[in-house]
Every structure is written in structure tokens, then in C-alpha cells.
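Commentary on secondary and tertiary structure
The primary structure of each chain is shown beneath.
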Amino acid sequence: MYRRDLVQGSATASLLALLAGTGLPASARAATVPLPAPVTGPFDGATVRRLAQALARQAYVGPDTKLPGAITNMSYDNFRGIRYRADRALWHDQSLPFQVEFFPRGFLYEARVDMFEVADGQAKAVPYSADMFDYENPKMQVAGDIGFSGLRIRAPINRPDVFDEVCVFLGASYFRAVAKGQVYGLSARGLAIGTGNQKEEFSRFRAFWLERPQPGASSLVIHALLDSQSVTGAFRFTLRPGAETVFDVESALYPRVDITEPGIAPLTGMFDFDTNNHNKVDDWRPAAHDSEGLSMWNGQGLQIWRPLNNPTTLQISAFTDGNPRGFGLMQRKRAFADYEDLALQYEKRPSLWIEPIGDWEQGVVELVEIPTANEVNDNIVAFWRPKDKLAAKGEYTFTYRMHWGWDNPFPTPLGRIVATRIGATEDGKRRLIVLDIVGDAVKNLPDDGKVHADVKTSQGKIQNVVVEPNPDSGGWRILFELAPGDAKLVELQCILIGAAGPVSETWLYRWTP
């Protein structure tokens, strides 16, 4: 259990009462809406979309979070002490390439999430039973059909004879995954609304439909119904675990009201400190973060690297674009020595790259950096915000591919910024900024004076720029001083230029005191 098990909100109540007035005929309701008791009914690729459309025409009904008294105020330790029994996993002993386990309700996850299995075009409820779990504290075992709060997917990702955890859906619309050899780090969400302001809305996955895979299949299809005050949605995830774990995501959103601050394909993680802000922490480790930078390839092909920061005040950055090629929160430092943390293993945490499919038109990649005093809290959010609002009673579809892995899935010929170091100058009046760049594009550049750095600032002055080979890395190093003056926010940009033009990605950084 990592801190991401404490994500905002829980899932939701059973949908029977909620949908009893959708206007669908009785036969359609029996076939397409999730019910709290085991039933069968036809299911196809459009079932959840039809359900979301019908639900969007109704007023939002919040989740029922009532639980039996013994587990009403369940502690974190008690929640951790309830463990799903491996022999009760969905598809256990069926010679299938995936197994599914479920989370109990309680702690932060009080509301019910309905679970269904789909086989041969028929949906069937996954029945709840208290004896699906082992309990460290027997008082946590209560009678009745209280249902589940989330699910976990297991597959033989590391060894052919061991079903390891590869994906979890738990809390609101949060989910996370790993590739081979990794541990959990950052999370994703189905949708973000109003991130960065005091009225942020957390949509929830209210139900899941799991398509039974064929023997030997390499993928698993999961359907999910999303709901909140402002919107409903239908999601189809095609999960393919491996050396890189890939999700193909097809989403359809149906706003109940105008949504002026939507976040598509939102990513959420933690950045506490690294060499760019180590002066603000007293910690024996070199760094602590899920991700160290936001990487973007915009519609014009510009490749941007924006190191993350843990600011003293909320910072929101927007990068205007049209039809982006991709963006992601990336973990580039992959050596144990980069973190020296035996327990948290930051060097093994996934990078997550979003590859848009189809026409995403105009909008911005938005980055939200929230101050945090420690590494317990997620304080970084990145997502795509369309230029135009999502209008009430409309339908909006977004298709994209999520790459959970060790790096950007699309290699670049440009040099990469692998370190951003910031400290005081000797007199303490300016900030010394040091960038290290590596890659084939910069490996054999001649040291003939033609290699230079193009450094720009929005405030203050840039002084004493130095560009030199780094024989230890086989790359190049850029050093410059920022004299910010009285500025409280400075936007910086730097590119390494060779004789034929840019040889590095574009480094962008927001400096704050």
C-alpha cells in the first residue's frame, strides 16, 4: 500500500435506484444497466455509452456511503488488514492470462462500485461475499452484500508462473499501472474538472464491466461508467501489460452542464525535491519524486522538457498547442544512487506518456504544481484542456494511448536534458543554473566555439553563460546565472545550438523564490 491508496474520494453506490427513471424501457434496463444482484443480459461495445447518455439526462444522485457500524470509521491499518484471497480471484484456475481481485469498502472508499463480468456477449454481476477476504481484525468482517470499492488486475508480467499486480482502479476515477520490473508511482484519472481551484470536482467510476479474455490473449478489455455532478462518461480500456504496459483508451463524455475547465487524460503524481530545489529541504537523499519533468511534443514537432518544482505558492502553467503529438510525466533518473531510498524505490516508478489518437484540435497542456511539505501528498497534475468548453447536453469523444514504462516510447534524435541543478552564486545575489545534456546529437559536437546556448528570460537578467563539453557524461553542460531582481516569477528558456541549428530539446522552467 503506497500513499496513492489514499486518493481523493471513493467510488459510488449501487446503480439500481439511481437509474430507475432513466426513461429506458424495462427490457432495455434489464439488459444494459448495472444491477446489484447477479443478472445476465446482452452486452456490446456501445452498452456503457448508451447507459452514460441515459444517466446524463437525469439529475446527479450522489453515492450512498452508509456502511455497517463496525466498519463505519475504518482506519487505514484496518483497511490494509483486509486482503483479498487469491483463490477467489475472478478467472482463477481457468488457465487465462489475467486474474481480477477486488477491494473492500471502508476507510476512504465507503461507496459501492458495481462489478460485472462479460462473456459471450452477456453481462453478469460479480457477487460479493465477505469470505472473499482474510481479516487481520475479525471485527472488520460484517454480514450482508456490502459490495466492492475497486479492483486490481494481475498478470504474469515478470515471471510466467506468477500473477503480479499490474493495474489498480481505486478511488474516484483514479487508476495506476506498472510495466515489467516497476513499482507503483504516479496515477491517472478518467477526467479532471476545475483542477487547481477550490471547487475541483472529482468524477467517479461507478461500475466496471470486465470482458473475459481468451486463453493466451495478450490484452484485457475493461469498460467503466463515469459519473459526477457535471458529467457522465463511458470508457473502454484495452490493457496490454509487458515491458511497456499500454492502455488504449476510448472515452465519450456527456456533460449535464457546461464544463469550462475540463482536464482530458489527467496525470497525477508527487514531486518533493531534486537538485533544482534541494536548498529548500533538509533531507539526506538526493531526490524524492514520482516524476521529474513534464515532456511535451507539440503539434509543430517542438520537443519541450519542463522540470517539475515544489513551489512555495500554487503555480499553474499552460502550454498552448494544436493537435499535440503527446505529453507525459516522466521519470528519467533510473539509478539507485539518484535517490538512495531502499524502501520507496523511486528509480523503478513508471513514466506515463499520453499519445493522442485523432484530432484533438486546439487547447493547452496544463501543469499544476501545488506546494507540499513532504512526499506523502500528490502535488503535480498535468492534462489536456480543450480550447472550447464542453457544452451541456453534448457528446465529446477522446481517444488516446497511455504508455506506462521506463521512458518516452518514441526516441528523439535531439539531446536530452538529464539534470537541472540550481544553487546560489558565491555572493548569494544570483541563482546559478546548470543543465546537463546527453544523447547522440551532442556526443560528437566539435568544441570549436560554434556550439552555444540560446537562453531567454521573462524577468531579470541572464549573465555569464558558459557552454562546455562534459567528458564524464559524453554530453554537454550549460551554466548561466539568473539575476531575478525583485521578480517573484521568472519564465526561463534554453536550447543548445550547434552549427546546423538546435541539437537539444527545449528546456522551459518557471523559477519562483
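Because the structure is predicted, anything quoted here is derived from the model rather than measured.

On to the overall build of the protein. On a plain count of helices and strands, the protein comes out with four helices and 34 strands. A globule of 513 residues ought to have a C-alpha radius of gyration of about 24 Å, and the protein, at 24 Å, matches this closely. Each of the three principal axes of the protein carries a C-alpha extent, and together these read 75 × 45 × 45 Å. Looking at the protein as a whole, 56% of its 513 residues are labelled buried. Sequence-distant contacts, at least 24 apart, represent 68% of the contacts inside the protein between residues at least 6 apart. Of the accessible surface of the protein, which amounts to about 21,000 Å², a share of 50% is contributed by carbon and sulfur atoms.

We now examine the side chain of Arg-510. Here Arg-510 is to be found in strand 34 (residues 506-511). Of note is the side chain of Arg-510, whose polar atom sits 3.1 Å from the side chain of Gln-315. Engagement of the side chain of Arg-510 in a polar contact is seen with the backbone oxygen of Ile-316, the distance being 3.2 Å.

Centre-to-centre distance and the angle between the planes together describe a pair of aromatic rings. Evaluated as defined, the whole model comprises 32 aromatic pairs. Between Phe-237 and Phe-247 the ring centres are 6.3 Å apart and the planes differ by 75 degrees, which places this aromatic pair in the edge-to-face class. Linking Phe-237 in strand 14 (residues 231-240) with Phe-247 in strand 15 (residues 245-255), this pair joins segments that are ten residues apart in sequence. For Phe-237, a relative accessible area of 0% puts it in the buried group. Put simply, the rings of Phe-169, Phe-175, Phe-205, Phe-208, Phe-235, Phe-237, Phe-247 and Trp-404 pair up and form one aromatic cluster. When the ring centre of Tyr-184 is taken as origin, the NZ or CZ atom of Arg-176, which lies over that ring, is 4.1 Å away. Directly above the ring of Trp-305 sits Arg-332, whose terminal nitrogen or CZ lies 3.6 Å from the centroid.

Parameters at a glance
- Residues numbered from 1 in each chain as written.
- Predicted model: local features only at pLDDT ≥ 70, side-chain atom pairs only at ≥ 80, totals over all residues.
- Heavy atoms only, no water.
- Helix = DSSP H or I, 4+ residues; strand = E, 2+ residues; numbered from the N terminus.
- Rg over C-alpha atoms; globule rule 2.2 N^0.38 Å.
- Buried < 20%, exposed > 50% of the residue type's maximum accessible area, 1.4 Å probe, protein only.
- Contact = heavy atoms within 4.5 Å.
- Areas by Shrake-Rupley, 256 points an atom, 1.4 Å probe, with all protein chains shown as cover.
- Polar contact = N/O pair within 3.5 Å; in protein donor to acceptor, adjacent residues only side chain to side chain.
- Phe/Tyr/Trp six-rings, centres within 6.5 Å; stacked < 30°, edge-to-face > 60°.
- Lys NZ or Arg CZ within 6 Å of the ring centre and 35° of its normal.

The values reported here are purely geometric and, on their own, carry no functional implication.
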